[in-house]
Amino acid sequence: PEGRALAVTRAARILQENLRRDMGADAMASIATLDALNTAVRRAVDEATITDIHTHLFPPSHGDLLLWGVDELLTYHYLVAELFTVAPADLTYEAFWAMDKIAQADLVWKHLFLEASPLSEARRGVLTVLQRLGLDPADRDLGRIRRWFARQDEEAYLEKVFDLAGLDYAVMTNNPVKCNEVKHFDAGAPIPARLRTALRIDDVVLNFASCRPIIASQGCAAGDGTIEGAAAALRGWMGGWIDRIDPVYMAASLPCSWAYPVDDAATRMIDHVVCPLAVERGLPVALMIGVNRQVNPALGDAGDAVAPCDVNSIIRLVAAHPDVKFLVTTLSRVDQHALAVAGRKFRNLHLFGCWWFCNNPSIINEMTRQRLELLGTGVTVQHSDARVLDQLIYKWSHTRRIVADVLVDKYADAHHTGWRFTPAEIARDVRQIFGGAFEDFRAR
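On a predicted model such as this, the values are computed, not experimentally measured, just so you know. (Residues numbered from 1 in each chain as written. Predicted model: local features only at pLDDT ≥ 70, side-chain atom pairs only at ≥ 80, totals over all residues. Heavy atoms only, no water.)

This paragraph deals with the environment of D163. Within the fold, D163 resides in helix α9 (residues 154-165). Judged by its relative accessible area of 52%, D163 is exposed. A sequence separation of 124 residues divides D163 from T39, and the C-alpha atoms of the two residues are 23 Å apart. (Helix = DSSP H or I, 4+ residues; strand = E, 2+ residues; numbered from the N terminus. Buried < 20%, exposed > 50% of the residue type's maximum accessible area, 1.4 Å probe, protein only.)

Turning to the nonpolar core, a few remarks are in order. The biggest cluster of nonpolar side chains holds 140 residues, and the ones touching the most others in it are L74, F149, M250, F326, L389, L392 and I426. It is helix α18 (residues 391-416) that contributes the most residues to this core, 10 residues altogether. (Core = buried A, V, L, I, M, F, W, Y, C linked by side-chain atoms within 4.5 Å.)

Cis rather than trans, the peptide bond between Y260 and P261 has omega equal to -10 degrees. Examined against the element boundaries, P261 turns out to sit in the loop between β5 (250-255) and α14 (265-281). The backbone of D246 shows a phi angle near 55 degrees, a positive value even though the residue is not glycine. Phi is positive for D385, which is not a glycine, with a value near 60 degrees. Here D385 lies in the loop between α17 (361-375) and α18. We classify D385 as buried; its relative accessible area is 5%.

Right, let's talk about the layout of surface pockets for a bit. As a volume, the largest pocket reaches approximately 1,100 Å³. H56, H77, R293, D301 and R387 are, among the 40 residues lining the largest pocket, the residues nearest its centre. For the lining of the largest pocket, the secondary-structure elements that each account for two or more residues are α4 (77-86), α6 (101-114), α10 (179-186), α11 (202-206), β5 and β6 (285-292). (1 Å grid on protein atoms, 1.4 Å probe; cavity = no way out; pocket = protein on both sides within 12 Å on 5 of 7 lines; lining within 4 Å. Points joined across faces, edges and corners; volume = space filled by probe spheres on them.)

A few words on the pattern of salt bridges. Pairing is possible between side chains that carry opposite charge, provided their charged atoms lie close to one another. Under the counting rule described, the total for this entry stands at 27 salt bridges. A salt bridge links R43 to E47; the shortest N-O distance between them is 3.0 Å. Here the residue R43 and the residue E47 both occupy positions in helix α2 (residues 34-47), the gap between them amounting to four residues, near one helical turn. Of the residues examined, R43 reaches a relative accessible area of 38% and is grouped as partly exposed. For E47, a relative accessible area of 53% translates into the label exposed. For D163, the salt bridge identified is with R194, shortest N-O distance 3.2 Å. Within this pair, whereas D163 is found in helix α9, its partner R194 is found in the loop between α10 and β3 (195-196), the two being separated by 31 residues in sequence. (Salt bridge = Lys/Arg side-chain N within 4 Å of Asp/Glu carboxyl O.)

This part is about the pairing of β6. A large share of β6 lies buried, amounting to seven of its eight residues. Note that β5 and β6 share six bridges and pair parallel. Counted as the bridge partner of A251 is A286 from β6. Pairing geometry for β6 and strand β8 (residues 326-330), over five bridges, is parallel. Its bridge partner lying in β8, M288 is registered against T329. Two elements, β6 and strand β7 (residues 305-306), share two bridges in a ladder whose sense is antiparallel. If you follow N292 over to β7, its bridge partner there is A305. (Pairing = 2+ DSSP bridges.)

Take the sheet that holds strand β1 (residues 50-52) next. Pairing is parallel across the open sheet formed by three strands, whose spatial order is β1-β2-β3. Of all the strands in the sheet, just β1 and β3 have a single pairing partner and so form its edges. Contacts between α18 and the sheet are confined to β1 and β2 (167-171), with β1 contributing the most and set at about 130 degrees to the helix. With respect to the sheet, helix α19 (residues 423-443) is in contact with β1, β2 and β3, its orientation differing from that of β1 by roughly 60 degrees. (Contact = heavy atoms within 4.5 Å. Axes fitted to C-alpha atoms, helices over the stretch in contact; angles between N-to-C directions.)

This part is about the side chain of S332. Residue placement: S332 occurs in the loop between β8 and α16 (336-343). A polar contact is formed between the side chain of S332 and the backbone nitrogen of V334, at a distance of 3.1 Å. Discounting chain neighbours no more than four positions away, the residues touching S332 are V306, A307, P308 and C358. (Polar contact = N/O pair within 3.5 Å; in protein donor to acceptor, adjacent residues only side chain to side chain.)

Right, let's get into the side chain of D202. Within the secondary structure, D202 sits in helix α11. On the accessibility criterion, D202 (9% relative accessible area) is buried. Among all residues touching D202, those that are not within four sequence positions of it are N207, A251, A252 and S253.

Quick look at the packing of aromatic side chains now. Using the criterion set out here, one finds 15 aromatic pairs in the structure. Between F84 and F96 the ring centres are 5.6 Å apart and the planes differ by 80 degrees, which places this aromatic pair in the edge-to-face class. Here the residue F84 occupies a position in helix α4, and F96 occupies one in helix α5 (residues 93-98), the gap between them amounting to 12 residues. A ring pair is formed by W258 and Y260, whose centres lie 6.5 Å apart and whose planes are at 25 degrees; its orientation type is stacked. On the basis of relative accessible area, Y260 is assigned to the buried category, the value being 5%. Taken together, W68, W148, F149 and Y157 form an aromatic cluster joined through their ring pairs. We note R196 situated over the ring of Y169; from NZ or CZ to the ring centre the distance is 5.6 Å. Over the ring of W241 we find R244; its NZ or CZ atom is 4.6 Å from the centre of that ring. (Phe/Tyr/Trp six-rings, centres within 6.5 Å; stacked < 30°, edge-to-face > 60°. Lys NZ or Arg CZ within 6 Å of the ring centre and 35° of its normal.)

For the structure shown, the criterion picks out zero disulfides. You can see C275 has no disulfide; the closest cysteine sulfur is in C309, sitting 17 Å from it. C256 provides the cysteine sulfur closest to C309, a residue in no disulfide bond, and the two sulfurs are 8.4 Å apart. (Disulfide = S-S within 2.5 Å.)

Note that all results are geometric; they support no functional claim without further evidence.
Quick look at the structure:
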């Protein structure tokens, strides 16, 4: 529509004006050499403001749901899984889970940092966090690090982390059938501007029968017990939550076995409740697909694995609901090429992030190259998926470096054809892949 075109033009003009102010006439001058192009690209990536479109963070007002600090970093499930690949045989799962968090963190520090080199991405991430916070991990004094975190104020620390990561805001995950989350919304707990909500719906989509009592307790009549019979009531219930928390999108994590369309409750919930409500409210639906749940239940949250999903089910879903905007990421590296090709076929499909097991430098590099080669800047290259606040620091620090390396090559490829870029154009493109394309997709 005309109004949308005007908004895009206005945003581009504001960007150019800001660049002129910050960089003078050089912002609009063509870049003549590869060395200058390299410098301009890396500067644009370093200075870009990022929108983190999917996290599992909470505000300080939500009490212990907000995870932060060195012990939370060390006992996150990435590192717990790594611990049990090297821990002595007499450390059982049961013994580990019976320990308090400090004892667990001590074990992780001992076996994964002091007695083995921190080469994995998750271990390096802890060190990056400490370094960026001004701490010195080289002296290996976990007690000193703990004392530093103990002196921090939660609200001020959240702002510090967002500033270090270079984020404007991050999108949370808010589940209306989780009582420990709902109670904070019932209490009117404040949410800072740096955090925005997303309505998590996968429990309802995948496990409607078990969610019915909770939904009913919130005033939603279940009709005759079928999803078709309860569809209007369920849309009303979800709509009430949309009014209440003003989410950026609705979100569901789906297993690797998910298929569409099939004769099951998930398909009926998607077709009769989720998609009609998405159209009515103009909200995107974010789907994260490919988890192979609890292959080792003894590991708790660390017990999930990955398997390829059915990309054709994604294609059928997107084609069946052309008026719904779908944000999609998949967990398996195997799926990425087919998903990127699908992204070329449907304007209501937006790819985002290198999720979970794909959040490794080699895979981020490969996925980012592939997406840029197939889709240009019409993607969101990364989201943090952070559950621990401090993870924002390392995930975005590492991502910026990887994306800069990829972009230097891609701009050089175009430069060799004779095309010349300006710093303003590069800054525009970088913002697109770090959140601008997401905002454009939402606004369509």
